[in-house]
Amino acid sequence: MNGLYDELRIAIHAVWMRRWIALGVAWAVAIVGWLFVAQIPSSYESTARVFAQMQTLLPAAVGISPADQQKNLDTVRQTLTSADNLEKVVRGTDLANTVATDKDVADRVAALQQAVKITSEQDNIFTISVSQKSPKVARQVVQKLLDLFVEQNLSGDKAETTQTLQFLDQQLAQKQKQLSDAEAKREDFQNRYLGSLPGTGSVADRMAAARSQMAQVDGDLAAAQSGLAVINGQMAGTPASVAGASATAGSAGPARARLNAIQGQLSDARGRGYTEQHPDVVALKSQLAAAQAAARNEPLVGGSAAGGASNPLYLQLKANQADKQAQVAALMSRKRQLQGDIDTISAKLTGDSGAMQEQSQIERDYQVLKDSYDKLLSDREGVRLRGQAQSQTDAIKFSVLDQPSAPRVPTSPNRPLLLTGVLLAALVMGAGAAFAMTQVQTTFPTPKRLEAATGLPVIGSIGETVTKLQTAQRRRQLGYFGGGMAALVVAWVALLGVEMLQRGLAA
């Protein structure tokens with residue numbers, strides 16, 4: 001322990017003996033270090049916090065959901081630091097005073113892209129921070145970014161909605177034209193091949209529907225013919241007149257009764273909306289002409305006949321017979337028409353084997369176009385409703401939690417700390433330089449060091465004798481050294497004062 005203490009005393013004595021070297025090195029290092037610190041530009045940071053409140057009262061059915069709103073916020077956060085927006089910032093702040101050409105503007109924009117930071121503290125809170133050499137400019141930049149932030153969110157979605165509606169209108173017009181062409185082609189094919197076949201769909205579907213209707217007509221025709229046969233059998237066993245009763249003058253015969261029945265059926269068919277070309281109407285017209293001719297040739301039953309009066313039951317059966325005959329004739333006409341259509345389509349399909357494939361392609365294209373048109377129409381209505389909701393309500397509301405700060409202290413560099421560090425480093429390097437000189441020069445501070453170096457015994461040592469003149473001289477040198485050290489500390493304090501003064505002026 002004593003050896004270590006002695007070594008420390010020797011080192012301190014050696015540095016003290018070369019204190020002027022230490023003082024000179026300290027001054028040199030301090031001056032160079034302080035000049036370097038002075039060249040570092042100050043950077044002032046201004047910050048602001050924004051709270052984005054999501055409007056969740058609107059249903060997601062109109063296309064405004066929290067996920068979409070959060071996506072919009074992320075998009076704004078990414079586009080806020082785009083070159084176009086930062087150019088607006090440069091031209092809208094005092095940075096415009098530092099630019100003269102487009103190249104200067106591009107340089108300022110590039111610098112701002114590095115200086116602007118937008119961070120998300122929470123889901124709905126954003127912090128905008130900007131670092132600049134001037135605290136005033138930093139605050140102006142943050143304020144301009146806030147204005148752009150609000151402006152883009154208020155008008156961005158509305159402009160996007162307008163553009164989307166215009167695009168959808170163009171697409172709808174194109175789809176509508178294509179759909180009209182497909183409908184015309186579909187109608188032309190139906191006129192060429194399908195004719196009056198019942199049902200919808202492909203040729204095979206309509207042929208199947210026609211055959212099914214044909215089977216139903218056959219069943220109805222068989223039932224009508226069976227009913228007609230029953231009535232004919234009843235009429236065969238029923239007398240046409242009843243003896244011993246007087247006939248009413250002017251009573252109608254069977255031909256006129258059938259004529260009346262056909263006219264009633266024709267009126268009923270027209271009342272149902274059947275056209276003159278309808279198969280049932282055509283059949284009734286042909287029956288009506290025959291019944292009119294028969295009625296004109298049939299004499300009226302007059303006065304009191306010698307054989308008796310007409311039998312009412314026979315007349316009723318005659319009328320029923322006429323109805324059944326008309327029904328059978330109509331069904332036969334319908335069957336002939338269906339059979340003719342089926343035969344016609346079959347002949348066409350036999351001559352054109354690709355007709356079914358052509359219709360399948362036409363129907364497929366038509367259905368695809370129709371589905372696409374309906375989907376576009378639905379999307380356009382959704383976009384229109386969304387735009388109307390956004391124009392009448394604020395989907396996202398912004399509030400500034402913290403206004404742009406006016407920085408009074410630069411965020412970097414920390415000059416007081418750097419100036420103090422330079423002073424301490426200068427003192428350490430000065431002492432180190434003095435100590436290094438002791439290691440270079442061959443001097444022996446103690447007798448033991450001399451014995452160790454020469455290997456010879458040291459008989460004794462003589463202390464230094466200092467005269468009064470030397471003592472006075474050493475005191476003056478000590479004063480000069482203390483003044484040099486004090487001047488170094490004073491310079492450090494002065495630099496700290498200048499730094500504080502500059503901060504006050506900048507604020």
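Looking at an unreviewed UniProt entry, the protein chain carries the name Chain-length determining protein, with the source organism given as Sphingomonas populi.

Quick look at the overall build of the protein chain
Across its full length, the protein chain holds 14 helices and 6 strands. Within the span of the protein chain, comprising 507 residues, buried residues form 30% of the whole. Nonlocal contacts in the protein chain, meaning residues at least 24 apart in sequence, comprise 83% of its contacts between residues at least 6 apart. Accessible surface computed for the protein chain: about 30100 Å², of which carbon and sulfur atoms make up 57%.

With respect to the nonpolar core
Membership of the largest hydrophobic core comes to 23 residues, with the highest contact counts inside it found for Leu80, Leu112, Val116, Val141 and Leu145. Ranked by the residues each element gives to this core, the list is headed by helix H6 (residues 135–194), at 7 residues. Not counting the four nearest positions on each side in its chain, Leu145 is found in contact with Leu80, Leu86, Val89, Val116, Ile128 and Val130.

Section: the side chain of Ser46
By the element assignment, Ser46 lies in strand S1 (residues 44–54). Reaching out from Ser46, the side chain makes a polar contact with the backbone oxygen of Ser405 at a distance of 2.6 Å. Contact partners of Ser46, with chain neighbours within four places excluded, come to Ile128, Ser129, Val130, Ala138, Arg139, Val142, Pro404, Ser405 and Pro407.

Re the UniProt feature "transmembrane region" (unreviewed entry) in the protein chain
The residues that UniProt annotates with the feature "transmembrane region" (unreviewed entry) are residues 20–37, 417–440 and 478–498. Summarising residues 478–498: 100% helix, 0% strand, and an end-to-end C-alpha distance of 30 Å.

Looking at helix H2 (residues 19–39)
With 21 residues, H2 extends 30 Å from end C-alpha to end C-alpha; this agrees with the ideal 30 Å at 1.5 Å per step. Burial in H2 covers these residues: Arg19, Ala22, Leu23, Ala26, Ala30, Gly33, Trp34 and Val37. Seen from one end, H2 has its buried residues packed into an arc of 110°, which puts them on one side. Within H2, the exposed residues directed more than 90 degrees away from the buried face are Val32, Leu35, Phe36 and Gln39.

Topic: the pairing of strand S3 (residues 125–132)
The element S3 is extensively covered by neighbouring structure, given that 7 of its 8 residues are classed as buried. Bridge count for strand S2 (residues 116–120) against S3 is 5 bridges, and the pairing is antiparallel. Within S3, the position partnered with Ser120 by the bridge is Phe126.

Quick look at the environment of Leu86
By secondary structure assignment, the location of Leu86 is in helix H4 (residues 83–92). When the C-alpha positions of Leu86 and Ala111 are compared, they lie 9.8 Å apart, and in sequence the two are 25 residues distant. When sequence neighbours within four positions are dropped, the list of residues in contact with Leu86 reads Leu80, Thr81, Val109, Leu112, Gln113, Val116 and Leu145.

Let's talk about a nonpolar patch on the surface
Taken together, the side chains of Trp16, Met17 and Leu478 define a hydrophobic patch exposed on the protein surface, amounting to about 300 Å² of accessible area. Along the chain, the position of Leu478 falls in helix H14 (residues 468–506). With relative accessibility at 43%, the residue Leu478 sits in the partly exposed group.

Considerations on the pattern of salt bridges
A full pass over the atoms with the stated rule returns 8 salt bridges. Arg49 serves as the salt-bridge partner of Asp402, at 2.8 Å between the closest nitrogen and oxygen. Taken together, the positions of Asp402 in strand S6 (residues 396–402) and Arg49 in strand S1 put the pair 353 residues apart, joining distant regions of the chain. For Asp402, a relative accessible area of 33% puts it in the partly exposed group. A residue is classified by how much of its surface remains accessible, and Arg49, at 27% relative accessible area, is partly exposed. Linking Lys103 and Asp107 is a salt bridge whose minimum nitrogen-to-oxygen distance equals 3.3 Å. In this pair, Lys103 and Asp107 both sit in helix H5 (residues 102–115), 4 residues apart, roughly one turn of the helix. Of the residues examined, Asp107 reaches a relative accessible area of 35% and is grouped as partly exposed.

Comments concerning H5
The end-to-end C-alpha separation of H5 is 20 Å, in line with the 20 Å expected for 14 residues at 1.5 Å each. Taken together, the buried positions of H5 are Val105, Val109, Leu112 and Ala115. Looking down the long axis of H5, one finds its buried residues gathered within 120° of arc, a one-sided arrangement. Opposite the buried face of H5, by more than 90 degrees, sit the exposed residues Lys103 and Gln114.

Some remarks on the environment of Asp220
With respect to the helices and strands, the residue Asp220 is situated in helix H7 (residues 203–236). It is 8.6 Å that separates the C-alpha atoms of Asp220 and Val328, two residues lying 108 residues apart in sequence.

Brief notes about the confidence of the model for the protein chain
On average, residues of the protein chain carry a pLDDT of 74, and 71% of them reach 70 or more. Confidence over residues 56–69 falls short of pLDDT 50; this stretch has 20 contacts with residues more than four positions distant or in other chains. With pLDDT under 50 throughout, residues 302–307 is counted as low confidence; its partners more than four residues away or in other chains account for 7 contacts.

Overview of the side chain of Thr93
Secondary-structure assignment places Thr93 in the loop between H4 and H5. Judged by its relative accessible area of 8%, Thr93 is buried. The contacts of Thr93, once residues within four sequence positions are left out, are Gln140, Val141 and Lys144.

About the cut-offs
- Residues numbered from 1 in each chain as written.
- Predicted model: local features only at pLDDT ≥ 70, side-chain atom pairs only at ≥ 80, totals over all residues.
- Heavy atoms only, no water.
- Helix = DSSP H or I, 4+ residues; strand = E, 2+ residues; numbered from the N terminus.
- Buried < 20%, exposed > 50% of the residue type's maximum accessible area, 1.4 Å probe, protein only.
- Contact = heavy atoms within 4.5 Å.
- Areas by Shrake-Rupley, 256 points an atom, 1.4 Å probe, with all protein chains shown as cover.
- Core = buried A, V, L, I, M, F, W, Y, C linked by side-chain atoms within 4.5 Å.
- Polar contact = N/O pair within 3.5 Å; in protein donor to acceptor, adjacent residues only side chain to side chain.
- UniProt positions renumbered as here; feature names shortened; annotations may be inferred.
- Expected span 1.5 Å × (residues − 1).
- Arc of directions from axis to C-beta.
- Pairing = 2+ DSSP bridges.
- Patch = residues over 30% accessible without salt bridge, like charges linked within 9 Å, V, L, I, M, F, W, Y side chains within 5 Å.
- Salt bridge = Lys/Arg side-chain N within 4 Å of Asp/Glu carboxyl O.
- pLDDT = per-residue confidence, 0-100.

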